[in-house]
Amino acid sequence: MSFIFVLVVGLFAGTLSGIIGTGSSIMLMPVLVYQYGPKQAVPIMAIAAVMANLSRILAWWREVDWRACAAYSVTGIPAAALGARTLLALPSHAVDVSIGLFLIAMVPSRHWLARHDLKLSLWHLAVGGAVIGYITGIVVSTGPLSVPLFLFYGLSKGAFLATEAASSLGLYVSKSVTFQQFGALTPDVALKGLIAGASLMSGAFVAKRFVLKLDADMFRLVMDGIMLVAGISMLWNAMHSP
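Residues numbered from 1 in each chain as written. Predicted model: local features only at pLDDT ≥ 70, side-chain atom pairs only at ≥ 80, totals over all residues. Heavy atoms only, no water.

## Some words on the overall build of the protein chain
As a reminder, the rule being used: Strands here mean DSSP runs of E at least two residues long; helices mean DSSP runs of H or I at least four residues long; both are numbered from the N terminus. Partly exposed describes any residue whose relative accessible area lies between the buried limit of under 20% and the exposed limit of over 50%, with all areas from a 1.4 Å probe on protein chains only and scaled to the type maximum. Surface exposure here means Shrake-Rupley accessible area, sampled with a 1.4 Å probe, where a residue is shielded only by the protein chains that are shown.
Within the protein chain one finds 10 helices and zero strands. Tracing the protein chain from N to C terminus, the helices and strands come up as α-α-α-α-α-α-α-α-α-α. For the protein chain, with 242 residues in total, the buried portion stands at 52%. Accessible area for the protein chain stands at about 11400 Å²; split by element, carbon and sulfur atoms hold 71% of it.

## Looking at helix H8 (residues 157-181)
Stated precisely, the cut-off is as follows: For a helix, the expected span equals 1.5 Å multiplied by the residue count minus one.
With 25 residues, H8 should cover 36 Å at 1.5 Å per step; its first-to-last C-alpha distance of 36 Å lies within 8% of that length. Across the 25 residues of H8, 20 count as buried, placing the element largely inside the fold. A positive backbone phi angle near 80° is found at Gly 183, which sits one or two residues after H8.

## Overview of the packing of helix H4 (residues 66-85) against H8
Threshold: All axes are obtained by fitting lines to C-alpha atoms, using only the stretch in contact for helices, and the reported angles, taken between N-to-C directions, cover 0 to 180 degrees. Oblique is the label for any angle not covered by the other classes, which are roughly parallel (under 35 degrees), roughly antiparallel (over 145) and roughly perpendicular (65 to 115). Definitions for this section: a left-handed crossing has its near helix turned counterclockwise from the far helix by less than a right angle. A right-handed crossing has that turn clockwise. Any pair of residues with heavy atoms lying within 4.5 Å of one another is described as a contacting pair. Amino acids outside the nonpolar list (Ala, Val, Leu, Ile, Met, Phe, Trp, Tyr, Cys, Pro) and the charged list (Asp, Glu, Lys, Arg) are all regarded as polar, and Gly is one of them.
The contact between H4 and H8 brings their axes to 8 Å, and the two run at 25°. Taken together, the axes of H4 and H8 are roughly parallel relative to one another. Crossing handedness for the pair H4 and H8: right-handed. Across the interface between the two elements, Trp 66, Ala 68, Cys 69, Tyr 72, Ser 73, Gly 76, Ile 77, Ala 80, Ala 81, Ala 84 and Arg 85 from H4 touch Thr 163, Ala 166, Ser 167, Gly 170, Leu 171, Ser 174, Lys 175 and Thr 178 from H8. Partitioning the contact of H4 with H8 into residue classes produces 10 nonpolar, seven polar and two charged.

## Considerations on the side chain of Thr 163
Heads up, the rule is: In protein, a polar contact requires one atom able to donate a hydrogen and another able to accept it; more generally it is a pair of N or O atoms within 3.5 Å, and residues adjacent in sequence count only if both atoms are side-chain atoms.
On the secondary structure map, Thr 163 appears in helix H8. Of the polar contacts made by the side chain of Thr 163, one reaches the backbone nitrogen of Asp 65; its length is 2.9 Å. With residues up to four places along the chain from it excluded, the contact list for Thr 163 reads Glu 63, Val 64, Asp 65, Ala 68, Cys 69, Phe 150 and Leu 155.

## Focus on a nonpolar patch on the surface
Threshold: In this analysis, a patch consists of residues with relative accessible area above 30% that form no salt bridge, clustered at 9 Å for like charges and at 5 Å for the nonpolar side chains Val, Leu, Ile, Met, Phe, Trp and Tyr. What makes a salt bridge here is a side-chain nitrogen of Lys or Arg within 4 Å of a carboxyl oxygen of Asp or Glu, nothing more.
A surface patch of nonpolar side chains, amounting to about 270 Å² of accessible area, comprises Leu 54, Leu 58 and Phe 205. Turning to its location among the elements, Leu 54 is positioned in helix H3 (residues 38-59).

## Examining helix H6 (residues 122-138)
Here H6 is 17 residues long and its end C-alpha atoms lie 24 Å apart, about the 24 Å a rise of 1.5 Å per residue gives. Looking at H6, one finds that the buried residues are Leu 125, Ala 126, Gly 128, Gly 129, Ile 132, Gly 133, Ile 135, Thr 136, Gly 137 and Ile 138.

## Topic: the nonpolar core
Nonpolar side chains tend toward joint burial in soluble globular proteins. Definition in use: Buried Ala, Val, Leu, Ile, Met, Phe, Trp, Tyr and Cys residues form a nonpolar core when they are joined through side-chain atoms within 4.5 Å.
The biggest cluster of nonpolar side chains holds 28 residues, and the ones touching the most others in it are Tyr 72, Leu 125, Phe 150, Leu 155 and Phe 160. Elements with a contribution of two residues or more to this core: H3, H4, H6, helix H7 (143-153) and H8. Examining the composition of this core, we find that nine residues originate from one element, H8, more than from any other. Sequence-distant contacts of Leu 155, that is, excluding residues within four places in its chain, are made with Asp 65, Phe 150, Phe 160 and Thr 163. Tyr 36, Val 42, Leu 185 and Val 189 belong to the second largest nonpolar core, which has 21 residues in total.

## With respect to the environment of Ala 165
Relative to the helices and strands, Ala 165 is located in helix H8. Dropping the residues within four chain positions of it, Ala 165 is found in contact with Asn 53, Arg 56 and Ile 57.

## Some words on the packing of aromatic side chains
Worth spelling out the cut-off: A pair of aromatic rings is counted whenever rings of Phe, Tyr or Trp (Trp by its six-membered ring) have centres within 6.5 Å, and the orientation is called stacked for planes under 30 degrees apart, edge-to-face for over 60 and tilted otherwise.
One pass over the full model with this rule turns up two aromatic pairs. On the numbers, 5.4 Å between centres and 65° between planes, the contact of Trp 61 with Trp 66 is edge-to-face. The exposure class of Trp 66 is partly exposed, given its relative accessible area of 44%. Relative to Phe 150, the ring of Tyr 72 lies with its centre 5.1 Å away and its plane at 55°, an arrangement referred to as tilted. With Tyr 72 in helix H4 and Phe 150 in helix H7, the pair connects residues that are 78 residues apart, well separated along the chain. In this structure, Tyr 72 and Phe 150 share a single accessibility class: buried.

## What about the environment of Met 106?
For Met 106, the position within the fold is in helix H5 (residues 92-115). With a relative accessible area of 14%, Met 106 lands in the buried category. Taking the C-alpha atoms as reference points, Met 106 and Pro 148, separated by 42 residues in sequence, lie 7.0 Å from one another.

## Looking at the side chain of Asn 53
Secondary-structure assignment places Asn 53 in helix H3. With a relative accessible area of 3%, Asn 53 lands in the buried category. Those residues in contact with Asn 53 that sit more than four places away from it in its chain are Glu 164, Ala 165, Ser 168, Leu 169 and Tyr 172.

If you want it as structure tokens, here you go:
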């Protein structure tokens, strides 16, 4: 029954993240913690995230911006491995507060950039990849952080979903390999990650038909809402964590 519960939540989370580009880890992680405990939940989610990003790449393969992906990944992959190594050393409370404030600030920042017709370059993606990659190694999900980065670069809808997923894939593979080297990714944990990931993958293909119908302006408004909710949620968790 626990596997069925994870699959149902994973399918819903995969569909939502397939539409907006993030949210699967935020939704699925509490379920994994409840079912398997926090020590297993983090590496399980890392495996599931690899599969979720792979599914978005397959769903939108022709729209991947490989130059943007390379710029982000070349710094993000080693940074994710470094972040995973220091996972237990950093206070999660401070990380939650910082990310929450960042996400909330990104909403007015995106509109300001849009009004001034400013866009990020490949160099900005490389710098962002290093910072976000390191944080990805430490926390469960940094999808809300990479979302504004690729939106500011000028991507939208399928191109955004595919490129963000392709860029994040290398980071989560790096994180998973680091967990494996430290003995946290056992065969049992890997199997649970594959089960959770399978449901996320299915959701990505369900979501494609909805994304194709979304107007670009509506897509950006949905993203604003998601970033606000994610930021407030992280601040809430930080205030109520021991």
